[in-house]
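# Breakdown of the fold
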Amino acid sequence: MVFTSSKQKNMGIFSLMQGIAMDLGTANTIIISNDKIVVDEPSVVALDRRTDKMIAVGEKAKLMYEKTHENIRTIRPLRDGVIADFTACEQMMRGFIKQVHTGRRLFSPSLRMVIGVPSGSTEVELRAVRDSAEHADGRDVYLIFEPMAAAVGIGLDVEAPEGNMIVDIGGGSTEIAVISLGGIVSNNSIRVAGDDLTADIQDYMNRQHNVKISERMAERIKINVGSALDDLGDESPEEYLVFGPNRITALPMQVSVCYQEIAHCLDKTIAKIENAVLSALENTPPELYADIVRNGIYLTGGGALLRGLNRRLSEKINIPFHVAEDPLHSVARGAGLALKNIERFSFLMR
């Protein structure tokens, strides 16, 4: 949290500036305030079609997703890691920020914000994030590239003269970056990530089993039996029961799905991530490359939780891959640390 005096620190009611760090993700939005995760909810907002007024945000809006009638629309404002619906994103950010403020002060303080953004973002995309934050009451807005935030969040010394590689697999994009001396030396940002894995599962169930499933059901399959390898040994999950209508007859169906099937259907998308990592390594200077081979490569983001992914990447690239502790919150925690070190971290963008 950012204050200007010890008096303000003790009297939150009079503080003129509150600091929050935000990981504005395609799948989930995480907000850290006062060193604590205060919001960790799906990046979904429900709006009234007639008035465009917000009905629900986060988990409540996700419960409505794919279940609404004609007067309500549920929106995921971010696609492929960038803002696809500016108005909905602004409303969603306001809704989440309101949750941070609830019952805390007699008036809303000015907000200093640090927000994680994809490293492959264009100037236009960066401006869209900044504008959304400012419209949602952000007074002092800083941006940080997600791989840099993830590296800070998992405890790497990003300012050291040493190479570290981060692979951050989110919902909409995969960010791959080599970091040294407080900067990104080489990076590769691809719009292939968790949402594509979910779409692969939907398509596979449709083609292979003739069963029509929703995006949310595909997500549940990914969590329960998702795998990057068709041989997990002792870590094998039990088969998962899927319910849905037959796509031809519309009669109800019940299908049992095993992790080997899902590993097969996710193979092509995971291969794209492998190629992106190899491409980033090709552009890495030899001295930093040697550091990476010695230190290994760090996996963060929700995609890092896919069973067997670190093993598959290690076998393919011949460099050890380490799944970060608490990979879902790495970017948010890094943005939170950057918030406390705004004067020191030169890689923050205003």
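See above for the structure.
Summary of the structure given here. If you're wondering where the values come from, they're calculated on a predicted model, not measured in any experiment.

What counts and how
Residues numbered from 1 in each chain as written. Predicted model: local features only at pLDDT ≥ 70, side-chain atom pairs only at ≥ 80, totals over all residues. Heavy atoms only, no water. Axes fitted to C-alpha atoms, helices over the stretch in contact; angles between N-to-C directions. Helix = DSSP H or I, 4+ residues; strand = E, 2+ residues; numbered from the N terminus. Parallel < 35°, antiparallel > 145°, perpendicular 65-115°, else oblique. Contact = heavy atoms within 4.5 Å. Nonpolar A, V, L, I, M, F, W, Y, C, P; charged D, E, K, R; others polar. Pairing = 2+ DSSP bridges. Buried < 20%, exposed > 50% of the residue type's maximum accessible area, 1.4 Å probe, protein only.

### What to know about the packing of helix H6 (residues 194–209) against helix H7 (residues 215–225)
Packed helix pairs are characterised by how far apart their axes lie and by the angle those axes make with each other. Where H6 contacts H7, the axes come no closer than 9 Å and their chain directions differ by 105°. Between H6 and H7, the angle is such that the two are roughly perpendicular. Contact residues: Gly-194, Leu-197, Thr-198, Ile-201, Gln-202 and Met-205 in H6; Glu-215, Ala-218, Glu-219, Ile-221 and Lys-222 in H7. Broken down by class, the residue content of the contact of H6 with H7 amounts to five nonpolar, three polar and three charged.

### Points about the sheet that holds strand S4 (residues 45–48)
The strand order across the open sheet built from three strands is S5-S4-S6, with neighbouring strands paired in antiparallel fashion. Looking at the sheet topology across the chains shown, the edges are occupied by strand S5 (54–57) and strand S6 (72–75). With strand direction ignored, the average angle separating the axes of adjacent strands in the sheet is 20°. Note: S4 against S5, three bridges, orientation antiparallel. Note on S5: the bridge partner recorded for Ala-46 is Ala-56.

### Focus on helix H11 (residues 330–340)
Within H11, eight of the 11 residues are buried, which leaves it mostly tucked inside the rest of the structure. Listed in full, the buried residues belonging to H11 are Ser-330, Val-331, Ala-332, Gly-334, Ala-335, Gly-336, Ala-338 and Leu-339.

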